[in-house]
Amino acid sequence: MEDCIFCKIIKGEIPSFKVYEDDYVFAFEDISPISEGHTLVIPKKHAQNLWEITDEDLTAVHLASKKIINAINNVLNPIGVACLQLNGRGVNQVVMHYHLHLIPRLKGGPELPVSSWELKQGDMEAIKQTAEKIAAAIK
Ligand SMILES: [Zn+2]
């Protein structure tokens, strides 16, 4: 897609700190990292989000993320890695090209804001009704 920053990165029109590439996938360091090693894994074929990405590309992105997370483990020895993927401007997706964030938390590093929220039990009846609606809509 012409005006897409990530498509330009894939084509080399915008420089990036590449960590991995194969026929379907490109991965590079986020230049506004939440933590050291914050990596983005994207499909080479433009798709905006999880609603649009093909099964083949989705599989490739996630298989590549496994290779990369193993490398992150070896190099940075994190105490955990959050995998985050946003779909839509309403949840703060900024670049409208599917991307999976791999966000390591290093020993002694601050809690990751994306993986820290208050756990409190919801309305069980409402949860049950929503689950039934979603389950019935799955194709
Ligand atoms: Zn794109």
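Placed above this text is the structure.
Caption draft 1: Structural view of helix H2 (residues 55–76). With 22 residues, H2 extends 31 Å between its outermost C-alpha atoms, agreeing within 8% with the 32 Å of an ideal straight helix rising 1.5 Å per residue. Residues of H2 that are buried include every one of Ala60, Val61, Ala64, Ser65, Ile68 and Ile72, and no others. In an axial view of H2, the angular spread of the buried residues amounts to 140°, which keeps them on one side of the axis. Counted as exposed and oriented over 90 degrees from the buried face of H2: Asp55, Glu56, Lys66, Asn70 and Asn74. Contact partners of the buried residues in H2: strand S1 (18–21), strand S2 (25–29), strand S3 (39–43), strand S4 (80–84) and strand S5 (100–105). Asparagine 77 sits one or two residues past H2 and shows a positive phi near 50°.

Caption draft 2: Structural view of unusual backbone geometry. Unlike most non-glycine residues, asparagine 77 shows phi in positive territory, near 50°. Under the C-beta neighbour-count criterion, asparagine 77 is labelled exposed, with 10 such atoms within 10 Å. Despite not being glycine, asparagine 92 has its phi angle at roughly 70°, a positive value. Looking at the secondary structure, you find asparagine 92 in the loop between S4 and S5.

Caption draft 3: Spotlight on helix H3 (residues 124–137). Given a rise of 1.5 Å per residue, 14 residues ought to cover 20 Å, and the 20 Å separating the end C-alpha atoms of H3 matches this to within 8%. A small share of H3 lies buried, amounting to 0 of its 14 residues.

Caption draft 4: The nonpolar core, seen in detail. Counting residues in each nonpolar core, the largest one holds 21 residues, and the members touching the most others are Val25, Ala27, Val41, Ala64, Ile68 and Leu102. Breaking this core down by element, the ones donating at least two residues are helix H1 (5–11), S2, S3, H2 and S5. Contact partners of valine 25, with chain neighbours within four places excluded, come to Tyr20, Val41, Pro43, Lys44, Ala60, Val61 and Ala64.

Caption draft 5: Fine view of the sheet that holds S3. Reading across the sheet, the 5 strands line up as S1-S2-S3-S5-S4 and stay open at both edges, with antiparallel pairing between neighbours. Each edge of the sheet is formed by a strand with only one pairing partner; in this case those strands are S1 and S4. Taken pair by pair, the neighbouring strands of this sheet meet at an average axis angle of 20°, ignoring direction. Sheet topology places S3 next to S5; 3 bridges connect them, and they run antiparallel. For threonine 39, the partnering residue across the bridge sits in S5 and is leucine 102.

Caption draft 6: Representation of the pairing of S3 in the model. The element S3 is largely enclosed, with a buried count of 5 among its 5 residues. Burial along S3 is two-sided: Thr39, Val41 and Pro43 and Leu40 and Ile42, pointing in opposite directions, are all buried.

Caption draft 7: How the structure looks around the environment of leucine 106. Assignment of secondary structure puts leucine 106 in the loop between S5 and H3. Distance from leucine 106 to phenylalanine 6, taken between C-alpha atoms, is 27 Å for residues 100 residues apart in sequence. Beyond its immediate stretch of four places on either side in the chain, leucine 106 contacts Ser35, Glu36, Leu76, Pro78 and Ile79.

Criteria and thresholds
Residues numbered from 1 in each chain as written. Predicted model: local features only at pLDDT ≥ 70, side-chain atom pairs only at ≥ 80, totals over all residues. Helix = DSSP H or I, 4+ residues; strand = E, 2+ residues; numbered from the N terminus. Expected span 1.5 Å × (residues − 1). Buried ≥ 20, exposed ≤ 12 C-beta atoms within 10 Å, placed from the backbone. Arc of directions from axis to C-beta. Contact = placed C-beta atoms within 7 Å. Core = buried A, V, L, I, M, F, W, Y, C linked by C-beta atoms within 7 Å. Pairing = 2+ DSSP bridges. Axes fitted to C-alpha atoms, helices over the stretch in contact; angles between N-to-C directions.

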